[in-house]
Amino acid sequence: MSLFAACALTVLLETPLFFLAGYRSRDEITVVVCANVVTNLLLNLTAAYLLQGRLTIAYSLELAVVAAEYAAYALAFGRSKRLFLLTLAANCLSFGVGLLL
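Quick caveat: nothing in here was measured; it's all calculated off a predicted structure.

A. How the structure looks around the overall build of the chain. For the chain, the count of helices and strands is four helices and zero strands. Starting at the N terminus and ending at the C terminus, the chain contains elements arranged as α-α-α-α. Dimensions of the chain, computed from the C-alpha atoms along their principal axes, are close to 40 × 25 × 20 Å. Considering the chain as a whole, with its 101 residues, one finds that 33% of them fall into the buried category. Within the chain, contacts between residues separated by at least 24 positions form 65% of all contacts whose residues are at least 6 apart in sequence. Surface summary for the chain: the accessible area is close to 6,100 Å², and the carbon and sulfur share equals 71%. On the chain, the mean spot of the 6 positive side-chain charges and the mean spot of the 5 negative ones are 6 Å from each other.

B. Helix 1 (residues 3–20), seen in detail. In this model, helix 1 (18 residues) spans 26 Å end to end at C-alpha, consistent with the 26 Å of a helix rising 1.5 Å per residue. Where helix 1 is concerned, the buried positions are Ala6, Cys7, Leu9, Thr10, Val11, Glu14, Thr15 and Phe18. For helix 1, the secondary structure elements touched by its buried residues are helix 2 (26–50), helix 3 (55–77) and helix 4 (81–100). Positive backbone phi, approximately 110 degrees, marks glycine 22, located one or two places after helix 1.

Rules of the game
Residues numbered from 1 in each chain as written. Predicted model: local features only at pLDDT ≥ 70, side-chain atom pairs only at ≥ 80, totals over all residues. Heavy atoms only, no water. Helix = DSSP H or I, 4+ residues; strand = E, 2+ residues; numbered from the N terminus. Buried < 20%, exposed > 50% of the residue type's maximum accessible area, 1.4 Å probe, protein only. Contact = heavy atoms within 4.5 Å. Areas by Shrake-Rupley, 256 points an atom, 1.4 Å probe, with all protein chains shown as cover. Lys, Arg positive; Asp, Glu negative; His and termini not counted. Charge placed at Lys NZ, Arg CZ, Asp CG, Glu CD. Expected span 1.5 Å × (residues − 1).

Structure, rendered in structure tokens:
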């Protein structure tokens, strides 16, 4: 999958999940899209050099993405367990769909 396609897929899967969870304002959606674009591009560029078939590194990188996105969301929206679980669920969804494709 190309870098652009992977990024687009992530944004198209995770943004509606946040929208359904109540993050609907233009500013909230902008934060979600920007956080996903930045972390997805960094993840995929890093993975291109480190992975080479090693799934354990992929899991570690994905956990780092969850932490980074949650930190961005917590700064923008306030910390909460619900927001962390939403961030984790959104990333599990996009990672799982990415593996299937």
